[in-house]
Every structure is written in structure tokens, then in C-alpha cells.
Amino acid sequence: MAEQEEEPNPNATAESHKLEIPTRRVKNIMKLDKDINKVNSEALFLIASSTELFIQFLAEKSAHVALEKKKRTVRVEHMRVAAKRHRPTGDFLLDSLPVPPQPAEQNAPKDRAKSRLDKKPVPFATRSIEAFFQKFT
């Protein structure tokens, strides 16, 4: 009775799992909610593990979409397609992902120099060249 062997606990392997996500950051993000004052270590572990699994799932689906389009780099557009294909993910994630630029915006005008001058703000306490050469009446 003095020495009892401990039988391996199946839950012990799950708790010894090394997380890739820093739990301190997960805890800080959770505490951003005003209703949460304290975070239980078990709850923190479950949320961090779930986050890792979700990121892995989204990365795999996005990589699959990139391969379908014969691309070697995963882009935001691939993530959007992957989120749209998986309905539960798309319901909350599509609003957070940036919208890709429209094809009309990608075709820049041929007179780029003129468009850059129009968009560039004039520094404080300076005047544009047009004002310098403008005739005074």
C-alpha cells in the first residue's frame, strides 16, 4: 500500500499536449470582454486548443483552394473561398476577412503620373507648383 502504481490516465495525455499558441495572449484576448474577470486554466487550454484546430482547418482548406487554382501561395481570396465552402465558418468569418479588390480597381489608368499627383497631399506650409506659376490678376 505504501507504493501504488499510477495507471495512465487518458486525460493526462491531452493535458500534456504542447500548445503552439501562446496562452498568455489567448487569456488577454479573453479578458478584453468586460464580463470576464478570471479565466480558468482548463477553459484557457480548451479555447487555445480549439483555436489551434480551427487555424489548422482553415489553413488546410485554404491551401486546397490554392492548389485547385494552381497557385503556390495562399492568399486572402483563397481563404474567402474556403470559408464560403464551409458554411459554419463562413457565417462568422466572411465579415472579418477583407474584401478583395474589384477587377475595375486593378486596371490602373494609363496616366499614372497624373493620378499620383492628384492623390498626393501637399505637405504643410508648402504650395503646389501650379500655384507658383499661376498668373495673378
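Let me begin by describing the structure that accompanies this report. None of the values given here were measured: they were computed from a predicted structure.

## Thoughts on the environment of Glu 60
Here Glu 60 is to be found in helix H3 (residues 41-68). The spacing of Glu 60 and Met 79 is 19 residues in sequence and 9.8 Å in space, taken between C-alpha atoms.

## Some details on the packing of aromatic side chains
Across all of its chains, the model carries one aromatic pair by this definition. Taking 5.8 Å as the distance between ring centres and 40° as the angle between the ring planes, the aromatic pair formed by Phe 54 and Phe 92 counts as tilted. Taken together, the positions of Phe 54 in helix H3 and Phe 92 in helix H5 (residues 87-93) put the pair 38 residues apart, joining distant regions of the chain.

## Considering the packing of helix H2 (residues 23-30) against H3
Relative orientation of the contacting elements H2 and H3 amounts to 105°, with a least axis distance of 10 Å. With respect to H3, the axis of H2 lies roughly perpendicular. Within the contact between the two elements, H2 uses Thr 23, Val 26, Lys 27 and Met 30 and H3 uses Leu 44, Ile 47 and Ala 48. Taken together, the residues that form the contact of H2 with H3 break down as five nonpolar, one polar and one charged.

## Some points on the packing of H3 against helix H4 (residues 76-85)
At a minimum axis distance of 8 Å, the contact between H3 and H4 shows a crossing angle of 115°. The orientation of H3 with respect to H4, classified from their angle, is roughly perpendicular. Considering how the two elements wind past one another, H3 and H4 form a crossing that is right-handed. Mapping the contact onto sequence places Leu 58, Lys 61, Ser 62, His 64, Val 65, Ala 66 and Glu 68 in H3 and His 78, Met 79, Val 81, Ala 82 and Arg 85 in H4. Looking at the contact of H3 with H4 residue by residue, the classes come out as six nonpolar, three polar and three charged.

## Some remarks on unusual backbone geometry
Even without being glycine, Lys 70 reaches a positive phi, approximately 60°. Take Lys 70: it is sitting in the loop between H3 and H4.

## What about the nonpolar core?
Note on soluble globular proteins: their nonpolar side chains tend to be buried together. Within the largest apolar cluster, seven residues are counted, these being Leu 19, Ile 21, Val 26, Met 30, Val 39, Leu 44 and Ala 48. Secondary structure elements with two or more residues in this core: H2 and H3. Apart from residues no more than four positions distant in its own chain, Ala 48 is found in contact with Leu 19, Ile 21, Thr 23 and Val 26.

Cut-offs used in this document
Residues numbered from 1 in each chain as written. Predicted model: local features only at pLDDT ≥ 70, side-chain atom pairs only at ≥ 80, totals over all residues. Heavy atoms only, no water. Helix = DSSP H or I, 4+ residues; strand = E, 2+ residues; numbered from the N terminus. Phe/Tyr/Trp six-rings, centres within 6.5 Å; stacked < 30°, edge-to-face > 60°. Axes fitted to C-alpha atoms, helices over the stretch in contact; angles between N-to-C directions. Parallel < 35°, antiparallel > 145°, perpendicular 65-115°, else oblique. Contact = heavy atoms within 4.5 Å. Nonpolar A, V, L, I, M, F, W, Y, C, P; charged D, E, K, R; others polar. Left-handed = near helix turned anticlockwise from the far one by under 90°. Core = buried A, V, L, I, M, F, W, Y, C linked by side-chain atoms within 4.5 Å. Buried < 20%, exposed > 50% of the residue type's maximum accessible area, 1.4 Å probe, protein only.

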